[in-house]
Amino acid sequence: MAPEAAPRFPSLLLLLLSLLPQADTRSFVVDREHDRFLLDGVPFRYVSGSLHYFRVPRVLWADRLYKMRMSGVNAVQFYVPWNYHEPEPGVYNFNGSRDLIAFLNEASVADLLVILRPGPYICAEWEMGGLPSWLLRKPNIHLRTSDPDFLAAVDSWFKVLLPKIYPFLYHNGGNIISIQVENEYGSYKACDFHYMRHLAGLFRALLGDKILLFTTDGPEGLKCGSLHGLYTTVDFGPADNMTRIFTLLRKYEPRGPLVNSEYYTGWLDYWGQNHSTRSILAVTKGLENMLTLGASVNMYMFHGGTNFGYWNGADEKGHFLPITTSYDYDAPISEAGDPTPKLFALRNVISKFQEVPLGPLPPPSPKMTLGPLTLYLDHGFVLYRTYLTHTIFEPTPLWVPNNGVHDRAYVMVDGVFHGVLERNMKHQLFLVGEMGARLDILLENMGRLSFGSNSSDFKGLLQPPILGQVMLTQWMMFPLKVDNLVKWWFPLHLLKSTKPRTPSGPTFYSTTFPIAGPLGDTFLYLPGWTKGQVWINGFNLGRYWTKQGPQETLYVPRPLLLPRGATNKITLLELENVPPEPQIQFLDQPILNSTVHRTYIYSLSAEAQSASEPMQLSGH
């Protein structure tokens, strides 16, 4: 009998494997001769979207990334906020929703390349632009410069962070194709090239020469933000003149692919102003024009998410502008993770230039309604305390020199709420009181500057308050860990009273509730409440400021809620005035645009676009 022929499958498999790019042959480089990128030697253009892992609960990362990939984007761009991972000097946290490596792996599962932006400064409308507030313990430190104190802290941080991501560089077999150095540095006043050269050298020393390093700046920031040896990219939105800006970019990067690293699909919101939007027509037309030129584009944001807890940043544009809890951004994927009409329109544009994955996008997640629920009064707290040294018979002004309230001060005399002092806005209020009366001032940090002057944004009472002509001293200071109080202490001490004082001042309210039906995403509505903070099952949802708007609901992701048979707990810290009926509701849709204030509105039609003024970029 003739011997059987050897099976051919192993050799075929080896042949196929040999055709796949291996770690030592993988590359992402700039082809300056042909003004393009090369991925493994093949012409490549990325159409990317921004998503911030720190604004999305970890359990929802995979869902959001999958929807991005199904929309046609082939890369995800995101920041790494230093203060999210190093809360105290030398103390690092990469667990849970801070697990950067897990997010990189989720992006890989979703078949998305990664454009990484590790800072050290990120802006991103994030608390202090991602810089740790403990840097300010050295009051003379010069942030984002070659100040030795700042560089020492930066070096220490990057010597922890960058080795972690080194295995995930594309040429090492990972999915990170490029890394940004600093962030829109040309918009900062310092223009310190020694600082930028130091960062570039540090990145090269820790990551090697193969990874593509780049900078991003607005058109007016290219002079101070670009650096020889780093690839120069620009950012602008649909309202801006694409031809003019790309022509300007060519003065700094004469050859290579054109790159818009932040193409704005929407815009951020400030408390007290309208919800910002951008029209679908304007956004899709601008994207198509750039792709027709062969440019690579990152859409900022593709999914905005939420500023949970105290993480929102603030701008300084003539006055202090804190940013809302919602970071919906009018993005293609809504704050609740749902595809929007803008997403489908962008998907159609992308499909004209590159292959889009087959199959439908998931439908919107189930939503639920609940309530109204009545909340019960509990326990207040203070931060600064002193006692009046003499009786004040007539209403006498209390004020803090040099705009020294950062950012809002809630003033109480013997437990009675008297009003608010506010940075840049309200500088005095009038008090009476007897000698020995207890004067309490609760200071609220509304978010450190993430863009604008970027100066050291210290918080608290920066100057001693003055009552009439008397400087008040002998203050006792109480550092408070409110999240721990809510999570561990509060549920055991619920007082069954719903009778609020008017005005109430800083007061906790809480209740418990079951959910009888199916769980779903929902939106917490706080009609009549003024300003404060909300926790659900110990998780800090973030700030509300119903009186100010535009945001009147807080997004509650389904995973935060406990199912049938369990009891959910909600706690509010109302800082000013409790409504006569202290009730809340859960809605099946958000309310993000309730104010009537005149403000920035970026909803552009094709006719209005050419006549509109260029938007002043906030920066990211």
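See the structure printed just above.
Just so it is clear, the structure is predicted and the values come from calculations on it, not from any experiment.

1. Observations regarding the overall build of the protein chain
Right, on to step 1. Each helix and strand in the protein chain was counted, giving 12 helices and 34 strands.
Right, on to step 2. Residues classed as buried in the protein chain amount to 59% of the 620 residues present.
Right, on to step 3. Carbon and sulfur atoms make up 57% of the accessible area of the protein chain, which amounts to about 25,800 Å² in all.

2. Quick notes on the side chain of Asn83
Right, on to step 1. Along the chain, the position of Asn83 falls in helix 3 (residues 82-85).
Right, on to step 2. Here Asn83 falls in the buried class, since its relative accessible area comes to 8%.
Right, on to step 3. A polar contact of 3.0 Å, which involves the side chain of Asn83, links it to the side chain of Trp126.
Right, on to step 4. The residues contacting Asn83, other than those within four sequence positions of it, are Trp126, Glu127, Gly130, Leu131, Pro132 and Trp311.

3. Some words on the pattern of salt bridges
Right, on to step 1. Under the counting rule described, the total for this entry stands at 17 salt bridges.
Right, on to step 2. The shortest N-O distance in the salt bridge between Glu288 and Lys352 comes to 3.2 Å. Of this pair, Glu288 sits in helix 9 (residues 280-292) while Lys352 sits in the loop between helix 10 (341-351) and strand 14 (370-374); the two residues are 64 residues apart in sequence, bridging distant segments of the chain.
Right, on to step 3. Given the relative accessible area of 54%, Lys352 is considered exposed.

4. Thoughts on helix 5 (residues 148-165)
Right, on to step 1. Given a rise of 1.5 Å per residue, 18 residues ought to cover 26 Å, and the 25 Å separating the end C-alpha atoms of helix 5 matches this to within 8%.
Right, on to step 2. The sharpest bend along helix 5 comes to roughly 30°, located at Phe158.
Right, on to step 3. The complete set of buried residues in helix 5 reads Phe150, Leu151, Ala153, Val154, Asp155, Trp157, Phe158, Leu161, Leu162 and Ile165.
Right, on to step 4. Contact partners of the buried residues in helix 5: helix 3, helix 4 (100-109), strand 6 (113-117), strand 7 (176-180) and helix 6 (193-207).
Right, on to step 5. The opening residue of helix 5 is Asp147, an N-cap whose side-chain oxygen sits 2.8 Å from the backbone nitrogen of Asp149.

5. Quick notes on helix 2 (residues 61-70)
Right, on to step 1. Counting buried positions over the 10 residues of helix 2 gives 7, a clear majority of the element.
Right, on to step 2. Turning to helix 2, its buried residues number three or more, namely Trp61, Arg64, Leu65, Lys67, Met68, Arg69 and Met70.
Right, on to step 3. If you follow the buried residues of helix 2, they end up packed against strand 4 (47-51), strand 5 (75-79), helix 4, strand 11 (296-303), helix 10 and strand 32 (553-556).
Right, on to step 4. Positive phi appears at Gly72, one or two residues downstream of helix 2, with a value of about 110°.

6. Here we look at unusual backbone geometry
Right, on to step 1. The peptide bond linking Gly119 to Pro120 adopts the cis configuration, its omega dihedral lying at 20°.
Right, on to step 2. With respect to the element layout, Pro120 can be found in the loop between strand 6 and helix 5.
Right, on to step 3. Here the amide bond leading from Gly549 into Pro550 is cis, since omega sits at 5°, within 30 degrees of zero.
Right, on to step 4. Mapped onto the elements, Pro550 comes out in the loop between strand 31 (539-544) and strand 32.
Right, on to step 5. Within the chain, Met128 stands out as a residue other than glycine whose phi angle is a positive 55°.
Right, on to step 6. Considering the arrangement of structural elements, one finds Met128 in the loop between strand 6 and helix 5.
Right, on to step 7. Phi angles above zero are rare outside glycine, and Asp414 is one such case at about 50°.
Right, on to step 8. Among the structural elements, Asp414 can be located in the loop between strand 19 (408-413) and strand 20 (416-422).

7. Here we look at the packing of aromatic side chains
Right, on to step 1. Counted according to the given criterion, the structure contains 37 aromatic pairs.
Right, on to step 2. Ring geometry for Phe308 and Phe539: centres 5.1 Å apart, planes at 75°, overall edge-to-face. Taken as a pair, Phe308 in the loop between strand 11 and strand 12 (314-316) and Phe539 in strand 31 lie far apart in primary sequence, 231 residues in all.
Right, on to step 3. Take Phe308: its relative accessible area is 9%, and that puts it in the buried class.
Right, on to step 4. Ring centres 5.4 Å apart and planes at 40° place the aromatic pair Phe513 and Phe586 in the tilted group. One end of the pair, Phe513, is in strand 28 (residues 507-513); the other, Phe586, is in strand 34 (residues 583-587), with 73 residues separating them in the sequence. Across the pair, Phe586 and Phe513 agree in class, each one buried.
Right, on to step 5. Taken together, the aromatic side chains of Trp82, Tyr92, Phe94, Trp134, Phe150, Trp157, Tyr185, Tyr188 and Tyr195 make up a single cluster linked through ring pairs.
Right, on to step 6. Over the face of the ring belonging to Tyr170 we find Arg26, whose NZ or CZ atom lies 3.8 Å from the ring centre.
Right, on to step 7. A cation sits over an aromatic face here: Arg98 above Tyr84, 4.0 Å from the ring centre.

8. Overview of the environment of Lys352
Right, on to step 1. C-alpha separation for the pair Lys352 and Leu291, spaced 61 residues apart in sequence, amounts to 9.3 Å.
Right, on to step 2. Side chain to side chain, Lys352 and Glu288 meet in a polar contact 3.2 Å long.

9. Observations regarding the pairing of strand 2 (residues 36-39)
Right, on to step 1. Sheet topology note: the strand 1 (residues 28-31)/strand 2 ladder contains 4 bridges and is antiparallel. Across the sheet, Val29 pairs through a bridge with Leu38, a residue of strand 2.
Right, on to step 2. Hairpin connection, strand 1 to strand 2: the antiparallel pair is bridged by 4 residues, and Asp35 has positive phi, about 55°.
Right, on to step 3. Relative to strand 3 (residues 42-44), strand 2 runs antiparallel, the two being bridged by 3 bridges.

10. Describing the sheet that holds strand 27 (residues 476-477)
Right, on to step 1. Strand order in the open sheet made by the 5 strands is 20-19-22-16-27, with antiparallel pairing throughout. Each end of this open sheet is capped by a strand with a single partner; those strands are strand 20 and strand 27.
Right, on to step 2. Bridge count for strand 19 against strand 22 (residues 438-444) is 6 bridges, and the pairing is antiparallel. Bridged to Tyr410 within strand 22 is Leu442.

11. Notes on the side chain of Asp240
Right, on to step 1. Within the secondary structure layout, Asp240 lies in the loop between strand 9 (231-236) and helix 8 (242-252).
Right, on to step 2. Within the buried core, Asp240 has no salt-bridge partner, and the shortest N-O distance to an opposite charge, that of Arg244, equals 5.7 Å.
Right, on to step 3. Looking at Asp240, its side chain comes within polar contact range of the main-chain nitrogen of Gly237, at 3.0 Å.

12. Section: the packing of helix 5 against helix 6
Right, on to step 1. Interaxial distance between helix 5 and helix 6 falls to 10 Å at its minimum, and their mutual angle equals 30°. When the axes of helix 5 and helix 6 are compared, the pair comes out roughly parallel. Here helix 5 and helix 6 pass one another in a crossing that is right-handed. Mapping the contact onto sequence places Phe150, Leu151, Val154, Asp155, Phe158, Lys159, Leu162 and Ile165 in helix 5 and Tyr195, His198, Leu199, Leu202, Phe203, Leu206 and Leu207 in helix 6.
Right, on to step 2. When grouped by side-chain class, the residues that make up the contact of helix 5 with helix 6 number 12 nonpolar, 1 polar and 2 charged.

13. Considering the packing of helix 9 against helix 10
Between two packed helices, what matters for the description is the angle formed by their axes and the separation of those axes.
Right, on to step 1. For the pair helix 9 and helix 10, interaxial distance at closest approach is 10 Å and the crossing angle is 20°. One finds that helix 9 runs roughly parallel with respect to helix 10. The interaxial crossing formed by helix 9 with helix 10 has right-handed handedness. Note on element contacts: helix 10 touches helix 9 through Pro341, Lys342, Ala345, Leu346, Val349 and Ile350, opposite Ile280, Val283, Thr284, Leu287, Glu288 and Leu291.

Reading guide: rules and limits
Residues numbered from 1 in each chain as written. Predicted model: local features only at pLDDT ≥ 70, side-chain atom pairs only at ≥ 80, totals over all residues. Heavy atoms only, no water. Helix = DSSP H or I, 4+ residues; strand = E, 2+ residues; numbered from the N terminus. Buried < 20%, exposed > 50% of the residue type's maximum accessible area, 1.4 Å probe, protein only. Areas by Shrake-Rupley, 256 points an atom, 1.4 Å probe, with all protein chains shown as cover. Polar contact = N/O pair within 3.5 Å; in protein donor to acceptor, adjacent residues only side chain to side chain. Contact = heavy atoms within 4.5 Å. Salt bridge = Lys/Arg side-chain N within 4 Å of Asp/Glu carboxyl O. Expected span 1.5 Å × (residues − 1). Bend = angle between axes of the 7 residues up to and from the residue. Phe/Tyr/Trp six-rings, centres within 6.5 Å; stacked < 30°, edge-to-face > 60°. Lys NZ or Arg CZ within 6 Å of the ring centre and 35° of its normal. Pairing = 2+ DSSP bridges. Lys, Arg positive; Asp, Glu negative; His and termini not counted. Axes fitted to C-alpha atoms, helices over the stretch in contact; angles between N-to-C directions. Parallel < 35°, antiparallel > 145°, perpendicular 65-115°, else oblique. Left-handed = near helix turned anticlockwise from the far one by under 90°. Nonpolar A, V, L, I, M, F, W, Y, C, P; charged D, E, K, R; others polar.

Shape descriptors only; they carry no functional weight alone.
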